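Examination of the molecular architecture
Chain residues, written in single-letter form:
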Amino acid sequence: MRILIINANRFDRNGMSTVIMSYYNELKKNKIHADLIANEVIERDFRNSFESNRDKVFLLHNRKKNPLGYALKVKKILENGNYDIVHIHGNSATLILELFAIRKIKIIKVVHGHGVTTSHPIIHSMFKNKLNALCHYRFAASEEAGKFLFGKNKFYVIPNGIKTGKYVFDKKTRASVRKNLNLENNDKLIVQIGAFTYQKNYEFTVKLINSLKEFSNIHFLLLGNGPEKEKIKNEIKKFNLEKSVLVHDAVSNVNDFLMAADGVIFPSRFEPFGIVALEAQASGVPVAVSEFFVKKLNLSPIISYLPLNLTLWKKWIVNLKTNDFHNTIQYVELIKNSDYDIENNAQKMIDFYKKMLRYS
């Protein structure tokens, strides 16, 4: 079985890319090889994961600026690769670009929808039906994502998932991370993890931090990269919040920072899934999400859905306790028994691959 994975988005530490890597790592465990086409950028450790397994990484550019040139390169890779399955990940019907490029190549074509919004609504509307006609199988991260991309066409839901064992609490890890952040035992650490984009609503976070100035023991850590990062840094300086908040690049060891946290926040303007909110619950950390967050992540009593009202978020943070220990075991079991365990979901995907090959 030879598979080619295509990520139509940037392959940095965004939610969709993290999920793709989680599935790929499970494929590796099952001794299944898969090459990758990445768009614009790929995290170094993501690339290393493929190449250390002797799988190829093709880093292509200009999907937006030169779609024809990009499409021709995709076609050439497929023509020369002798693949059985191409698995294309994205959020909208702009994936017609990849499908149209390879429409005449004899290969099983899988499209995997992850989102429920697009910045290209006209293209999405124009090419949605054509996309459905050109692909053989349709996967979706949720019912909502499936309906958004595939409409009334048949699709299979394979929920995003995490490797729950990574998030079992370790006191030494908590102490080490907090020491590196220069935190005292009674300091309260609030973490937000995600790309610096309009969707993640870091503007609200800055206002929230400013409203908590009177509490000198409350500290914030913002982890991520993205187009609005410099803008948010400037806002932090504008309100003289440098002592209260640290802005850090995206990290590969999210689980370690969750162990160090006393609370996690996601004031998103919209959220099709939110993998880190799932990780936070597995870590046993209280998590607050906006009312626009997907409701299917309401898996435990430690997640709170709040309207975007500063007073309510401030109250939630002030009432949090500084915990030296996170009770992770019960929450890990909740997630294992839900649809969000990566090992179970990866096995579903592998079983689908095998069925596709049998019936092709």
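The structure under discussion appears in the preceding block.
Residues numbered from 1 in each chain as written. Predicted model: local features only at pLDDT ≥ 70, side-chain atom pairs only at ≥ 80, totals over all residues. Heavy atoms only, no water.

Observations regarding the overall build of the protein chain
In plain terms, the rule: Here a strand is any run of E in DSSP of at least two residues, a helix any run of H or I of at least four, and the numbering for each starts at the N terminus. Put simply, the radius of gyration uses C-alpha atoms, and a globule should come to 2.2 Å times the residue count raised to 0.38. Residues count as neighbours in contact if any of their non-hydrogen atoms are within 4.5 Å of one another. Areas reported as accessible are Shrake-Rupley estimates using a 1.4 Å probe. Residue values count occlusion only from the protein chains shown. Charged residues are defined narrowly, with Lys and Arg counted positive, Asp and Glu counted negative, and His plus the chain ends left uncounted. Each charge is placed at NZ for Lys, CZ for Arg, CG for Asp and CD for Glu.
The number of helices and strands found in the protein chain is 14 helices and 13 strands. In summary, the protein chain has a C-alpha radius of gyration of 21 Å against a globular reference of 21 Å for 360 residues, a match within 12%. Its C-alpha atoms give the protein chain principal-axis dimensions of about 65 × 40 × 35 Å. Considering only residue pairs separated by 6 or more positions, the protein chain has 69% of its internal contacts joining residues 24 or more positions apart. Total accessible area on the protein chain is roughly 17000 Å²; 50% of this is exposed by carbon and sulfur atoms. Taking the average location of the 54 positive side-chain charges in the protein chain and that of its 34 negative ones, the two points are 6 Å from each other.

Observations regarding the pattern of salt bridges
Here is the rule we go by: Salt bridge, as used here, is a side-chain nitrogen of Lys or Arg placed within 4 Å of a carboxyl oxygen of Asp or Glu.
The tally for this structure, following the rule as stated, stands at 19 salt bridges. Between D12 and R10 there is a salt bridge, and its shortest N-O distance comes to 3.4 Å. Beyond isolated ion pairs, a larger network of salt bridges with shared partners links E26, K29, K163 and E343.

Some details on helix α8 (residues 202-211)
What counts is decided by this rule: Note on exposure labels: buried denotes an accessible area under 20% of the residue type's maximum, exposed denotes more than 50%, and partly exposed covers the range between, all computed with a 1.4 Å probe on protein chains only.
Turning to α8, its buried residues are Y202, F204, T205, V206, L208 and I209. Contacts made by the buried residues of α8 are with β8 (188-193), β9 (218-223), α9 (229-238), β10 (245-248), β11 (263-266) and α12 (310-319).

Points about the sheet that holds strand β12 (residues 287-290)
Threshold: By the convention used here, strands pair only if DSSP detects at least 2 bridges between them. Interaxial angles span 0 to 180 degrees and are taken between N-to-C directions of axes, which are lines fitted to C-alpha atoms, for helices over the stretch in contact.
With respect to topology, six strands assemble into an open sheet ordered β10-β9-β8-β11-β12-β13, the strand pairing being parallel. Where the open sheet ends on each side, the last strands, each with one partner, are β10 and β13 (303-306). Taken pair by pair, the neighbouring strands of this sheet meet at an average axis angle of 20°, ignoring direction. Relative to β10, β9 runs parallel, the two being bridged by four bridges. Considered in β10, the bridge of L221 is made with L246.

Remarks on the environment of K171
Position of K171 among the secondary structure elements: in helix α7 (residues 171-180). Exposure remark for K171: the relative accessible area of 57% places this residue in the exposed category. Considering only alpha carbons, one finds K171 and A260, 89 residues apart in sequence, at a separation of 8.8 Å.

Quick word on the pairing of strand β1 (residues 2-11)
Basically, it comes down to this: Throughout, right-handed denotes a crossover for which the path from the first strand over the helix to the second runs clockwise when the strands point away from the viewer.
Within β1, seven of the 10 residues are buried, which leaves it mostly tucked inside the rest of the structure. In the sheet, β1 pairs with strand β2 (residues 33-42) via seven bridges, with the strands oriented parallel. If you follow F11 over to β2, its bridge partner there is I42. Traced from β1 through helix α1 (residues 15-29) to β2, the parallel crossover comes out right-handed. Across five bridges, the pairing between β1 and strand β4 (residues 85-90) is parallel.

Observations regarding the side chain of H219
Note the cut-off: Whenever a nitrogen or oxygen atom comes within 3.5 Å of another N or O atom, the pair is scored as a polar contact, on the condition that within protein one atom can donate a hydrogen and the other can accept it, and that pairs from neighbouring residues in sequence are kept only if both atoms are in side chains.
Relative to the helices and strands, H219 is located in strand β9. Under the relative-accessibility criterion, H219 is labelled buried at 18%. Among the polar contacts made by the side chain of H219, one reaches the main-chain carbonyl oxygen of S216 at a distance of 3.5 Å. Setting aside residues no more than four positions away along its own chain, H219 makes contact with L183, D187, K188, L189, I190, K243 and S244.

Focus: the nonpolar core
For clarity, the threshold we go by: By nonpolar core we mean a set of buried residues, namely Ala, Val, Leu, Ile, Met, Phe, Trp, Tyr and Cys, connected to one another through side-chain atoms within 4.5 Å.
Formed by 64 residues in total, the largest nonpolar core has its most connected members in I5, F11, L36, V264, F266, L278 and M356. Discounting residues that sit within four places of it in the chain, V264 has contacts with V191, L258, A280, V285, P286, V287, A288 and W316. By size, the runner-up hydrophobic cluster in this structure holds 31 residues, among which are L97, I102, V111 and L131.

Regarding the packing of helix α5 (residues 121-134) against helix α6 (residues 143-150)
Quick reminder of the rule: Working definition: roughly parallel below 35 degrees, roughly antiparallel above 145 degrees, roughly perpendicular at 65 to 115 degrees, and oblique for all remaining angles. The nonpolar class holds Ala, Val, Leu, Ile, Met, Phe, Trp, Tyr, Cys and Pro. Asp, Glu, Lys and Arg form the charged class, and all remaining residues, Gly among them, are polar.
Relative to each other, α5 and α6 sit at 95°, their axes nearing to 8 Å. As the angle between them shows, α5 and α6 are arranged roughly perpendicular. Of α6, the residues touching α5 (which contributes H124, K128, L131 and N132) are K147, F148, L149 and F150. Split into classes, the residues belonging to the contact of α5 with α6 amount to four nonpolar, two polar and two charged.

Quick notes on the sheet that holds strand β7 (residues 156-157)
Spatial ordering of the open sheet is given by β3-β2-β1-β4-β5-β6-β7, a layout of seven strands whose pairing is parallel. Either end of the sheet is taken by a strand with one partner, and the two such strands are β3 (57-60) and β7. Looking at chain direction, strand β5 (residues 108-113) and strand β6 (residues 137-140) are connected through four bridges and run parallel. Bridging from a neighbouring strand, V111 pairs with R138 of β6. On top of the sheet, α1 reaches β1, β2 and β4; it is set at about 160° to β1, its chief contact. In the packing of helix α14 (residues 342-359) onto the sheet, the strands contacted are β1, β4, β5, β6 and β7, and the crossing angle to β4 comes to about 135°.

Re α6
Rule in force here: Of all possible arcs, the one meant is that of the directions from the helix axis to the C-beta atoms.
Listed as buried for α6 are A145, G146, F148, L149 and F150. Viewed along the axis of α6, the buried residues span an arc of 165°, placing them on a single side of the element. Against the buried residues of α6 lie β5, α5 and β6. Just downstream of α6 lies G151, where phi reads positive at about 60°.

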